[in-house]
Amino acid sequence: MPKFLLSVLLICVSSLMWGQDTQQEKLEQRKAQIQQEIKANEKMLQSVKKKEKSALDEYYIQTNKIKLKEKLIHTTEKQTKLLSNDMYLNQLKINQLNRDLKVLKEDYSKMILKSYKSRSEQSRAMFILSSENFLQAYKRAQYMKQYTSFRKNQGEEIGSKTTQLEAANQKLQGQRETKKKFIAENIKQRLTLEEEKKEQQKLVNAIKKDKNSIVKDIKKKQTETKNIDRSIDRLIREAIAEANRKAALEKAKEAGTKAPTSTASSTKIELTPEAKILAADFRANRGKLPWPVERGFISQGFGDQPHPIYNTLTIHNSGVEITTEQGSSARAVFAGEVTSVIVLSPVNKAVMIQHGDYFTVYQNLSSVFVSKGDKVSFKQEIGKIRTSGDTGKTTIKFSILQNTTYNNPQGWLQNK
């Protein structure tokens, strides 16, 4: 194979290996993040285990922990596969370096032998002096100079290739050790996953023994949820009507006409130019909004869904419930204005924030840091999330509405 093509091949292999190193770094970072989430879940799990009414909450956290373990195993498998590809490319590089060295050493041996045969200064001088004219003598002198330089370069290239080969072999040995570590790590994780699943089954069996109590609790919670949703719906309609009244007054003032006496719509906001920009910005961030908590997982999804243990029971949720660590704060997912601070019960407060014709609602707060009319910024802390005294579970309910229509928040939040 021509030297140019060999060089191109080596460059391609090196580029591929560099790209895979970058992917390995990203996977290692993702793995570290998953491990942190597992530790946080373990902390939550210990918190709920101390309480009597925690079997179902324990199940939700345990389920998430199992998902995280499966993600960790999958990530390590990707790392192992990527490493195997990298090892293959590294082996190709080693093979190519060995071939290059063999050719270089053979050429160098022939050159040394030829040099040895004509090593005397007299023969070199005679080679020049036997020239037919000055131009030929000059060309022969230049040839000898280039020959010496070429021999020196050949020796240096052999040294360079030898160093590269040693480095590649060391890297390959390190990769073999890392691959062994990944495989051992996955075996260990799979064993712990099996243990987690056994624990999960014990929880399911314990919950099934108390079906009547669970059905009663679900019905009670659904009734409470409906009452809260009605209160929030009323407040949103009031906020929409108030915004429309203000917009109509402003419009009449600018036109120099009398303010309208008709009742403002309570189902759809008539957006001002400024509110249109805010609503468009909010809509443009669909799928990119930050979570309303720094760390956590969705323990109950949006809409109608079957109970995780009893498929015949249906649970309705107008938002998503996110389980987080005790002491966590709620934060605004986007800039906007606080339209309501709601006291749902002595231990449950909610904050409603307007973003053009969109609203975000944050429920189950023990304390609130904002007031009605406040302008809030992106990721600003707005309250402390309540930890249940009965279960030890710390949960926030988060909702997104456009006017009075509920949206599934999972489609708006960033993927974790």
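Above: the structure in question.
Our subject in this report is the structure included herewith. (Residues numbered from 1 in each chain as written. Predicted model: local features only at pLDDT ≥ 70, side-chain atom pairs only at ≥ 80, totals over all residues. Heavy atoms only, no water.)

### Quick word on the overall build of the protein
In step 1: Secondary structure summary: the protein contains six helices and 12 strands in total.
In step 2: Expressed as a percentage of its 416 residues, the buried residues of the protein come to 40%.
In step 3: Taking all contacts inside the protein whose residues are at least 6 apart in sequence as the whole, residues at least 24 apart take part in 74%. (Helix = DSSP H or I, 4+ residues; strand = E, 2+ residues; numbered from the N terminus. Buried < 20%, exposed > 50% of the residue type's maximum accessible area, 1.4 Å probe, protein only. Contact = heavy atoms within 4.5 Å.)

### Observations regarding the pairing of strand 4 (residues 320–324)
In step 1: A large share of strand 4 lies buried, amounting to five of its five residues.
In step 2: Side chains Val320, Ile322 and Thr324 of strand 4 all project onto a buried face; the interleaved residues Glu321 and Thr323 project onto the opposite face, where all are buried too.
In step 3: Across three bridges, strand 1 (residues 297–300) lies against strand 4 in antiparallel orientation. Among the inter-strand pairings, isoleucine 298 is bridged to a residue of strand 4, identified as isoleucine 322. (Pairing = 2+ DSSP bridges.)

### Describing the pattern of salt bridges
In step 1: Inspection of every chain in the model, using the stated rule, returns 14 salt bridges.
In step 2: The shortest N-O distance in the salt bridge between lysine 65 and glutamate 196 comes to 3.2 Å. In this pair, lysine 65 sits in helix 2 (residues 55–117) while glutamate 196 sits in helix 4 (residues 134–208), placing the two residues 131 residues apart along the sequence.
In step 3: For glutamate 77, the salt bridge is made with arginine 190, and the minimal N-O distance between the two is 2.3 Å. (Salt bridge = Lys/Arg side-chain N within 4 Å of Asp/Glu carboxyl O.)

### Side note on empty space enclosed by the protein
In step 1: If you walk through the whole model with that rule in mind, you get one cavity of 30 Å³ or more.
In step 2: Computed from the structure, the largest cavity encloses a volume of approximately 40 Å³.
In step 3: As for the largest cavity, its lining consists of Lys221, Gln222, Thr225, Gln300, Ile315, His316, Asn317, Glu321 and Lys397.
In step 4: Listed by contribution, the elements that provide at least two residues to the lining of the largest cavity are helix 5 (211–255) and strand 3 (314–317).
In step 5: Residue classes in the lining of the largest cavity are distributed as one nonpolar, five polar and three charged. (1 Å grid on protein atoms, 1.4 Å probe; cavity = no way out; pocket = protein on both sides within 12 Å on 5 of 7 lines; lining within 4 Å. Points joined across faces, edges and corners; volume = space filled by probe spheres on them. Nonpolar A, V, L, I, M, F, W, Y, C, P; charged D, E, K, R; others polar.)

### So, the nonpolar core
In step 1: Leu289, Ile353, Tyr362, Ile382 and Ile396 are the most contacted members of the largest nonpolar core, which totals 26 residues.
In step 2: Among the elements of the structure, helix 6 (273–284), strand 4, strand 7 (348–355), strand 8 (358–368), strand 10 (381–385) and strand 11 (394–402) are those that each provide at least two residues to this core.
In step 3: Those residues in contact with isoleucine 353 that sit more than four places away from it in its chain are Ala332, Gly336, Glu337, Val338, Thr339, Tyr358, Phe359, Thr360, Tyr362, Val376 and Ile382.
In step 4: Ala239, Ile240, Met352 and Phe359 belong to the second-largest nonpolar core, a separate cluster that totals 13 residues. (Core = buried A, V, L, I, M, F, W, Y, C linked by side-chain atoms within 4.5 Å.)

### Regarding the layout of surface pockets
Regions of empty space are outlined by a rolling probe, equal in size to a water molecule, passed over the atoms.
In step 1: The space that makes up the largest pocket amounts to roughly 1500 Å³.
In step 2: Along the walls of the largest pocket sit 39 residues, with Asp217, Lys221, Glu224, Ser388 and Thr391 positioned nearest its centre.
In step 3: Elements supplying a minimum of two residues to the lining of the largest pocket: helix 2, helix 4, helix 5, strand 6 (336–345), strand 8 and strand 11.
In step 4: Broken down by element, the lining of the largest pocket gets its largest block of residues, 11 residues, from helix 5.
In step 5: A breakdown of the residues in the lining of the largest pocket according to their chemical character gives 12 nonpolar, 13 polar and 14 charged.

### Considerations on the packing of aromatic side chains
In step 1: Throughout the structure, instances matching the rule amount to six aromatic pairs.
In step 2: Ring plane angle 90 degrees and centroid distance 5.3 Å describe the contact between phenylalanine 282 and phenylalanine 334, whose orientation is recorded as edge-to-face. Of this pair, phenylalanine 282 sits in helix 6 while phenylalanine 334 sits in the loop between strand 5 (329–331) and strand 6, and the two are 52 residues apart along the sequence. With respect to class, phenylalanine 282 is no different from phenylalanine 334; both count as buried.
In step 3: Relative to tryptophan 412, the ring of tyrosine 358 has its centre 5.4 Å away and its plane inclined at 65 degrees; by these criteria the two rings are edge-to-face. Of this pair, tyrosine 358 sits in strand 8 while tryptophan 412 sits in the segment after strand 12 (405–407), placing them 54 residues apart in sequence. Accessibility classification places tyrosine 358 together with tryptophan 412 in one group, the buried group. (Phe/Tyr/Trp six-rings, centres within 6.5 Å; stacked < 30°, edge-to-face > 60°.)

### Looking at the environment of arginine 234
In step 1: Position of arginine 234 among the secondary structure elements: in helix 5.
In step 2: For the pair arginine 234 and serine 266, spaced 32 residues apart in the sequence, the C-alpha separation amounts to 9.3 Å.

### With respect to unusual backbone geometry
Glycine aside, residues mostly have negative phi angles, and peptide bonds mostly take the trans form.
In step 1: Positive phi values are uncommon outside glycine, yet asparagine 364 reaches one of about 70 degrees.
In step 2: Tracing the sequence through the fold places asparagine 364 in strand 8.

### Describing the pairing of strand 6
In step 1: Bridging between strand 6 and strand 9 (residues 375–376) involves two bridges; their strand directions are antiparallel. Bridging from a neighbouring strand, glycine 336 pairs with valine 376 of strand 9.
In step 2: Sheet topology places strand 6 next to strand 7; seven bridges connect them, and they run antiparallel. Across the sheet, isoleucine 342 pairs through a bridge with alanine 350, a residue of strand 7.
In step 3: Once strand 6 ends, the chain turns through two residues before running back antiparallel as strand 7.

### Digging into the environment of glutamine 410
In step 1: Examined against the element boundaries, glutamine 410 turns out to sit in the segment after strand 12.
In step 2: When the C-alpha atoms of glutamine 410 and glycine 287 are compared, they prove to be 7.9 Å apart, with 123 residues separating the residues in sequence.
In step 3: When neighbours within four sequence positions are excluded, glutamine 410 is seen to be in contact with Ile298, Gly301, Phe302 and Val320.

### Considering helix 5
In step 1: The terminal C-alpha atoms of helix 5 lie 65 Å apart, and with 45 residues this matches the ideal 66 Å at 1.5 Å per residue to within 8%.
In step 2: A positive backbone phi angle near 75 degrees is found at glycine 256, which sits one or two residues after helix 5. (Expected span 1.5 Å × (residues − 1).)

### Considerations on the environment of valine 215
In step 1: Following the sequence through the fold, valine 215 ends up in helix 5.
In step 2: Separated by 92 residues in the primary sequence, valine 215 and histidine 307 place their C-alpha atoms 9.9 Å from one another.

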